Amino acid sequence: MEDGATRSVLLVVGGGIAAYKALELIRRLREHGLRVRTVLTDSGARFVTPMSIQALSGERVFGDLFSLTDESEMGHIALSRSSDLIVVCPATADLLARMVAGLANDLATTVLLATDTPVLVAPAMNVRMWTHAATQANVATLRARGVTFVGPASGLMACNESGPGRLAEPDDILSAILRLLHPDRPLAGRRAMVTAGPTHEPIDPVRYIANRSSGTQGYAIAAALAAAGADVTLVSGPTTLPDPAGVRTVRVETARDMLAACLTALPCDIAVCTAAVADWHVAPAPQKIKKTAGAPPPTLQLVPNPDILATLSQPSPTRPGLVIGFAAETEHIVTHATAKRLRKGCDWIVANDVSPGTGIMGGTENEVCLIDAAGCEHWPRLDKTQVARKLVARIATFLQTPPPNPE
Ligand code: C5P
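Note that the structure is a prediction, hence the values are computed from the model and not measured.

> I'd like a rundown of the sheet that holds strand 18 (residues 348-353), residues and numbers included.
Across a sheet, paired strands are connected by hydrogen bonds in the backbone, their directions being either parallel or antiparallel. Pairing in this open sheet of eight strands is mixed, and the strands run 13-12-9-14-17-18-20-21 from one edge to the other. Among the strands making up the open sheet, the edge pair consists of strand 13 (248-251) and strand 21 (375-378). The mean angle between the axes of side-by-side strands here comes to 15°, regardless of whether they run parallel or antiparallel. Two elements, strand 12 (residues 231-236) and strand 13, share four bridges in a ladder whose sense is parallel. Pairing of L234 across the sheet is with T249, part of strand 13.

> Lay out the packing of helix 1 (residues 19-31) against helix 2 (residues 50-57) with the relevant residues and their values.
One can describe the packing of helix 1 onto helix 2 by two numbers: an axis separation of 9 Å at closest approach and a directional angle of 15°. The pairing of helix 1 with helix 2 is recorded here as roughly parallel in orientation. Judged by the twist between their axes, the crossing of helix 1 over helix 2 is right-handed. Residue-level inspection shows L23, I26, R27 and R30 of helix 1 in contact with helix 2, the latter providing S52, I53, L56 and S57.

> Break down the pairing of strand 21 for me, with residues and values.
Of the strand pairs in this sheet, strand 20 (residues 368-372) and strand 21 are connected by four bridges, and their pairing is antiparallel. Bridging across to strand 21, L370 finds its partner in E377. From the end of strand 20 to the start of strand 21, which pair antiparallel, there are two residues.

> Kindly report on the sheet that holds strand 3 (residues 61-62), identifying the contributing residues and their values.
Spatially, 3-2-1-4-5-6 is the arrangement adopted by the six strands of the open sheet, whose pairing is parallel. Sheet topology places strand 3 and strand 6 (148-149) at the edges, where each strand pairs with a single neighbour. Note: strand 1 (residues 8-13) against strand 4 (residues 85-91), four bridges, orientation parallel. Along strand 4, the bridge assignment pairs L10 with I86. Along the sheet, helix 1 contacts strand 1, strand 2 (35-40) and strand 4; its crossing angle with strand 1, the most-contacted strand, is approximately 175°. Here helix 5 (residues 93-101) sits on the sheet in contact with strand 1, strand 4, strand 5 (119-123) and strand 6, set at roughly 140° to strand 4.

How each quantity is defined
- Counting from 1, residues in each chain are numbered in the order their sequence is written.
- Whole-chain, interface and lining totals are the exception, using all residues; otherwise, since this is a predicted model, local features are given only for residues with pLDDT of at least 70 and side-chain atom pairs are given and counted only at 80 or more.
- Computation of side-chain values covers all heavy atoms of the structure but excludes hydrogens and water.
- By the convention used here, strands pair only if DSSP detects at least 2 bridges between them.
- Put simply, DSSP H or I for four residues or longer makes a helix, DSSP E for two residues or longer makes a strand, and each gets a number counted from the N terminus.
- Lines fitted to C-alpha atoms define the axes here, with helix axes fitted over just the stretch in contact, and angles between the N-to-C directions of these axes take values from 0 to 180 degrees.
- What sets the label is the angle itself: under 35 degrees gives roughly parallel, over 145 gives roughly antiparallel, 65 to 115 gives roughly perpendicular, and the rest give oblique.
- Rotating anticlockwise by less than a right angle from the far helix to the near helix defines a left-handed crossing, while the corresponding clockwise rotation defines a right-handed one.
- Pairs of residues are marked as contacts when any of their non-hydrogen atoms sit within 4.5 Å.

Set out below in structure tokens:
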């Protein structure tokens with residue numbers, strides 16, 4: 001453990017073509033103010049050089065178990081104990097097997113055997129090696145011993161085969177590292193966007209179409225996401241609320257501005273659309289529309305606005321991993337909201353009853369149902385900040401659930 005606030009990561013770089021991604025990971029960890037010391041295995045050194053690692057980490061690279069220089073500066077026991085987290089990236093099938101067997105035949109495995117520091121493993125290997133019963137048994141054993149895994153991802157690999165086995169993206173590994181370093185901040189390293197408030201659609205320079213949304217629920221969600229460690233962009237229509245602390249707030253006026261600001265906030269992991277977006281706009285008159293005695297009142301030609309939630313939900317490489325919409329209904333709440341989830345293509349929808357008399361629209365409390373592909377869950381009437389915290393806890397659990405094993 002380092003003195004003071006600087007957190008320290010010991011990175012074990014195994015062999016494999018994915019080792020080059022460890023360089024990007026080191027860069028990202030340093031950007032987050034973390035100290036990174038590296039143990040480079042012999043096979044890892046065939047793919048990346050100690051020089052590149054040293055240049056990026058600003059630290060000398062450890063490699064040889066028997067090097068007197070290494071031992072005089074930092075013994076392997078001290079190296080394993082003086083870090084807050086050990087990250088094995090990339091972890092080969094061989095390295096996993098040696099960890100399971102408790103071998104200590106190089107500096108990497110010796111450090112891993114000598115430690116009681118939490119260990120995160122990012123595997124990378126051929127799909128058949130990953131799905132092999134031996135590797136899966138090794139993964140299960142390591143998990144049972146408390147080792148955390150991130151990835152592997154699925155896709156085309158350097159060997160031209162496709163399936164699970166690719167190293168997780170450096171950003172995903174970074175997120176996993178930040179969560180392990182800050183367990184009280186389960187969304188550390190995640191990016192989120194929240195839309196909130198009404199939109200104003202100008203009719204002329206002094207008049208606009210608006211609605212009664214206060215933005216309270218969306219602001220509370222943005223604040224709760226930030227408190228859970230997420231990097232949050234709040235895209236807000238006009239409200240009287242102050243910018244939530246620790247959140248990047250982008251103020252917009254119209255639905256089209258809101259969509260543009262949301263697209264700028266991509267890529268992100270989580271999108272929560274709470275805004276009461278106007279369904280239509282008009283082509284605004286350049287000057288104030290004048291009343292003319294005897295003339296018929298002007299007619300407004302309404303033009304549909306873009307649907308931000310539906311746009312963000314569309315399949316695309318930058319689609320957020322979790323897109324959440326809101327449905328304010330006055331009757332047949334669950335039926336209408338369930339249909340809306342499918343129509344918009346979002347993952348979850350938070351439905352609430354905004355009938356007159358509920359006091360929900362513009363009030364401080366909310367009573368919602370959370371609807372996902374599995375069904376509907378009714379939450380009790382809660383303060384909007386409590387609804388926000390409960391939703392964020394759900395988001396954190398969802399994002400932390402490891403993908404099912406390929407077996
Ligand atoms: O279609 P409706 O307005 O009932 O859908 C509500 C949900 O869709 C909310 O999550 C709202 O933020 C989102 N929405 C949007 N863009 C629109 C209309 C609604 O993002 N133009």
